[in-house]
Amino acid sequence: MQVRGTFLFSDHPSDNSLRESPRLGIASTPLEPKHGRCHLRRRLTCGFDDCPEQLGILFVPGGGMVYKPMLDPATIAFLADRGATASYITAVCNGPLVLAAAGLLEGYRVATHWASRDQLAGLGVEVSTERVCIDHNRFTGSGVTAGIDFGLTVVAHTLGEKAAKFSQLVMEYDPEPPFNAGSPESAGPEIVALRTRFMAEPDTALRNAVSHLLEQRAATSVHPGPDENADPAAGIVNN
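Residues numbered from 1 in each chain as written. Predicted model: local features only at pLDDT ≥ 70, side-chain atom pairs only at ≥ 80, totals over all residues. Heavy atoms only, no water.

Asks: I would appreciate a short explanation of the packing of aromatic side chains in the present structure.
Replies: The description of two aromatic rings rests on the distance between their centres and on the angle between their planes. Tallying each qualifying case throughout the model produces 3 aromatic pairs. Between Tyr88 and Phe139 the ring centres are 5.3 Å apart and the planes differ by 90°, which places this aromatic pair in the edge-to-face class. Taken together, the positions of Tyr88 in strand β6 (residues 88-91) and Phe139 in strand β10 (residues 138-141) put the pair 51 residues apart, joining distant regions of the chain. Residue class for Tyr88 comes out partly exposed when judged on its relative accessible area of 22%. Its guanidinium or amino end placed over the ring of Trp114, Arg195 lies 5.4 Å from that ring's centre, counting from NZ or CZ. (Phe/Tyr/Trp six-rings, centres within 6.5 Å; stacked < 30°, edge-to-face > 60°. Helix = DSSP H or I, 4+ residues; strand = E, 2+ residues; numbered from the N terminus. Buried < 20%, exposed > 50% of the residue type's maximum accessible area, 1.4 Å probe, protein only. Lys NZ or Arg CZ within 6 Å of the ring centre and 35° of its normal.)

Printed below as a string of structure tokens:
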């Protein structure tokens, strides 16, 4: 957002480039506290209706339930509207699929979690295998840990390299993974198959959501002028 405030405590370094940072707003509907898997409570600051019209950064996270916002009319309408004027349009993991559903990635190169690349490509998006992909004002990251690289990249572009390096040092981000298994190629077929079985249900739901969106697009191209209030999830069955 364009509003700027102070995040750091008064006894932290007084360098203005580190003390000033964009105000963080979390928009959702309905407007109620959200709980993460670690039981962290995230307090929402606004709903879709009262979210500022001009956003500095529009960010969409990912997760196993990402197919739900892809098919939610209110979410898609909100993202399409705010994305039309946002300075940066960003997402990590499989979050880019939600941006694609909102029509915000056409003509851009985009990164996503490796397991979501085929689905993203199916929506007509040029998929990158980079951990962080920058294409004009579209900033996207691949899966989970790449979110740190993505976050530092966004900080560097919005607050400067010094602020990004400061953030990296504070979190002691100096990774030395104990195993070489962070990609399908390095993990090997056995571990990939294990992941496939473990994520079978959300993967199926995501494929169904993508198929439904493609069917909608095809129907729209044949029969222009659909009901603007039509529910994109109508008729979908999640197996």
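Asks: I would appreciate a short explanation of the packing of helix α6 (residues 146-159) against helix α7 (residues 161-170) in the present structure.
Replies: Between two packed helices, the angle of one axis relative to the other and the distance separating the axes together describe the packing. Between α6 and α7, the least distance of the axes is 6 Å, while the angle of their chain directions is 150°. On α7, the residues that touch Leu152, Val155, Ala156 and Leu159 of α6 are Glu161, Ala163, Ala164, Ser167 and Gln168. Partitioned by chemical class, the residues of the contact of α6 with α7 number 6 nonpolar, 2 polar and 1 charged. (Axes fitted to C-alpha atoms, helices over the stretch in contact; angles between N-to-C directions. Contact = heavy atoms within 4.5 Å. Nonpolar A, V, L, I, M, F, W, Y, C, P; charged D, E, K, R; others polar.)

Asks: How should I be thinking about the layout of surface pockets in this particular structure?
Replies: Summary: where empty space remains is shown by rolling a probe the size of a single water molecule over the atoms. Roughly 760 Å³ of internal volume is contained in the second largest pocket. Lining the second largest pocket are 26 residues; nearest its centre among them are Arg131, Gly143, Thr145, Gly182 and Ser183. When contributions to the lining of the second largest pocket are tallied by element, the ones reaching two or more residues are α8 (184-187) and α9 (189-198). For the lining of the second largest pocket, the leading source of residues is α8, giving 4 residues. (1 Å grid on protein atoms, 1.4 Å probe; cavity = no way out; pocket = protein on both sides within 12 Å on 5 of 7 lines; lining within 4 Å. Points joined across faces, edges and corners; volume = space filled by probe spheres on them.)

Asks: Sorry if this is basic, but what is going on with the environment of Phe78 here?
Replies: Tracing the chain through its elements places Phe78 in helix α3 (residues 73-83). Phe78 sits in the buried class, given a relative accessible area of 9%. Taking the C-alpha atoms as reference points, Phe78 and Ala102, 24 residues apart in sequence, are found 8.7 Å from one another.

Asks: How should the pairing of β10 be read in this particular structure?
Replies: Note on strand geometry: in a regular strand, side chains alternate between the two faces of the sheet. Judged by which residues are buried, β10 turns out to be covered on both faces: Arg138 and Thr140 on one side and Phe139 and Gly141 on the other are all buried. Of the pairings in the sheet, the one linking β6 to β10 comprises 3 bridges and is parallel in character. Bridge pairing in β10 places Ile89 opposite Arg138. Sheet analysis places strand β9 (residues 132-135) next to β10, joined by 4 bridges and oriented antiparallel. The residue of β10 that forms the bridge with Asp135 is Arg138. Taken together, β9 and the strand that follows it, β10, pair antiparallel across an intervening segment of 2 residues, in which His136 is found at a positive phi of about 55°. (Pairing = 2+ DSSP bridges.)

Asks: Explain the side chain of Ser116 here, please?
Replies: Its place among the elements puts Ser116 in the loop between β7 (109-111) and α5 (117-122). Overall, Ser116 belongs to the buried group, its relative accessible area being 5%. Setting aside residues up to four positions removed in sequence, Ser116 forms contacts with Asn94, Leu97 and Leu206.

Asks: How should the nonpolar core be read in this particular structure?
Replies: General note: in soluble globular proteins, nonpolar side chains tend to be found buried as a group. Met70 and Leu79 are the most contacted members of the largest nonpolar core, which has 34 residues in total. For this core, the elements supplying multiple residues, two or more each, are β5 (57-60), α2 (67-70), α3, β6, α4 (96-101) and α10 (200-222). If near-sequence neighbours (up to four positions away) are discounted, Leu79 is found in contact with Leu58, Val60, Val98, Ala102 and Leu104. (Core = buried A, V, L, I, M, F, W, Y, C linked by side-chain atoms within 4.5 Å.)

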